[in-house]
Amino acid sequence: MASSQEDSPSGCRHSDCPSLSARRVVTSAARERWKLLGRALKQRATNGKVEAVSVRRFESFGLLKTRKAREDDTIPTEREGANKEDAKWFQYTCDLVPNFKMDIRQLGGSFTYEALIGFNNTGNVCIWPSEEVLTYYCLKNKEIFRNQRVCELGGGMTCLAGVAVAVASAAEEVVLTDGNEKSVENVEQIVQRNSAQFGDTRVSCQVLKWDEQDQMDRLTGVYDHVICADCLFFDQYRQPLVDCIYRILKPNGVATIFAPRRNQTLEDFCRRAEPFFRVATVENYEEVVWALHLKLQTEDRDRYNPDIHYPVMLSLTKQ
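Residues numbered from 1 in each chain as written. Predicted model: local features only at pLDDT ≥ 70, side-chain atom pairs only at ≥ 80, totals over all residues. Heavy atoms only, no water.

Q: I'd like to hear about the pattern of salt bridges, residue by residue, with values.
A: In the structure shown here, the tally under the stated rule is 19 salt bridges. Two residues, E143 and K142, come together in a salt bridge whose shortest N-O distance is 3.9 Å. Take K142: its relative accessible area is 25%, and that puts it in the partly exposed class. Residues R271 and D268 are paired through a salt bridge, measuring 3.7 Å at the closest nitrogen-oxygen approach. Of this pair, R271 and D268 both sit in helix α8 (residues 265-273), separated by three residues, roughly a single helical turn. (Salt bridge = Lys/Arg side-chain N within 4 Å of Asp/Glu carboxyl O. Buried < 20%, exposed > 50% of the residue type's maximum accessible area, 1.4 Å probe, protein only. Helix = DSSP H or I, 4+ residues; strand = E, 2+ residues; numbered from the N terminus.)

Q: A description of the sheet that holds strand β12 (residues 312-318) should follow, citing residues and the corresponding values.
A: Read across the open sheet, the seven strands follow the order β8-β7-β6-β9-β10-β12-β11; overall the sheet is mixed. For this open sheet the edge positions go to β8 (202-207) and β11 (277-282), each flanked by a neighbour on one side alone. Sheet twist, expressed as the mean angle between neighbouring strand axes with direction ignored, is 15°. Pairing geometry for strand β9 (residues 223-229) and strand β10 (residues 249-259), over six bridges, is parallel. Paired with V226 across the bridge in β10 is A255. Along the sheet, helix α3 (residues 129-140) contacts β9, β10 and β12; its crossing angle with β10, the most-contacted strand, is approximately 130°. (Pairing = 2+ DSSP bridges. Axes fitted to C-alpha atoms, helices over the stretch in contact; angles between N-to-C directions. Contact = heavy atoms within 4.5 Å.)

Q: Any details on the packing of aromatic side chains? Residues and values, ideally.
A: If you walk through the whole model with that rule in mind, you get 11 aromatic pairs. Clustering of aromatic rings is evident, with ring pairs tying together Y137, F258, Y285, W290 and Y310. Here R193 stacks its cationic end above the ring of W89, 4.1 Å away from the centre of that ring. (Phe/Tyr/Trp six-rings, centres within 6.5 Å; stacked < 30°, edge-to-face > 60°. Lys NZ or Arg CZ within 6 Å of the ring centre and 35° of its normal.)

Q: For the nonpolar core, give the residues involved together with the corresponding values.
A: Judged by nonpolar contacts, the single largest core of 52 residues is most densely connected at F100, M102 and L176. Each residue touching L176, except ones within four places of it in the same chain, is listed here: E152, C159, G162, V163, V187, V191, V203, S204, C205 and Q206. C231, I245, Y246 and L316 belong to the second largest nonpolar core, which has 35 residues in total. (Core = buried A, V, L, I, M, F, W, Y, C linked by side-chain atoms within 4.5 Å.)

Q: Lay out α3 in plain terms, naming residues and giving numbers.
A: The end-to-end C-alpha distance of α3, which contains 12 residues, comes to 17 Å, matching closely the 16 Å that a straight helix rising 1.5 Å per residue would cover. Among the 12 residues of α3, 11 are classified as buried, and the element is accordingly described as predominantly covered. Burial in α3 covers these residues: P129, S130, E131, E132, V133, L134, T135, Y136, Y137, C138 and L139. (Expected span 1.5 Å × (residues − 1).)

Q: Provide a residue-level description of helix α9 (residues 287-299), including the pertinent values.
A: Given a rise of 1.5 Å per residue, 13 residues ought to cover 18 Å, and the 18 Å separating the end C-alpha atoms of α9 matches this to within 8%. What α9 keeps buried is the set V289, H293 and L296. What you see down the axis of α9 is that its buried residues fit within an arc of 70°, all on one side. Those residues of α9 that are exposed and angled more than 90 degrees off the buried face are E287, T298 and E299. (Arc of directions from axis to C-beta.)

Following this line, the structure appears as structure tokens:
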């Protein structure tokens, strides 16, 4: 998810943007979650590096199939000097789309502390359930991206959904973004590895921070469709995300967002978005995901917490 641990104003000066200042609402749950992560990082720190850790208990809905890339699958796309032993390639498939496959480079092992504390650190640690569900949803509804210019915001270390759109749909363009340079470096290798599958779709990636004015000026009114997953976590960056989506979408453009409610962070985002978008919130958006959600609530309640694990679908249409 593309967000920062440091407060920053949106910096937007244009009258057609949403409100440029927002009261910071810091929840005790968020503070405790980051304290827990901080303690884990300190405990795992060795030689200036920290092991990849996750405070999650629930891992996946099992919507996508993965396997490690075989040796004969390996394509020499690693950059010179890259930390190869801390990265592994996986092949993702989905029964929804026959013959669909994409190779994803996932970072593991250890990270420098500086890499983790940068803008959008959490996307470097793991793939979250919201990303999985967004990817599944995009594959099932790939026709909505036909001839569209698509931008993924806060795609983390893999931009999983955006890469899936690039591979499976007939989008005109897919731009994969995150606010963390380490994440974008990894995504560049993923794009190179999968480039033969993109067909006529133009695919690129870039560092994009939602509150940087110069970047927003370049992208104003460019995209038909924005996608993002679990980008509502940080209190101080929900308003910049609203501003960013509003700026980069064309008139009547659509943003599809998947995120858990997580202690009313989703509701706060919706309140900020409502003056500028038609906002639709959907709980039951896909029958397979909904059935798994209901099953997990009864059969795996010790690990599965809907408030932090079940992604709600938001559809924002620019007014």
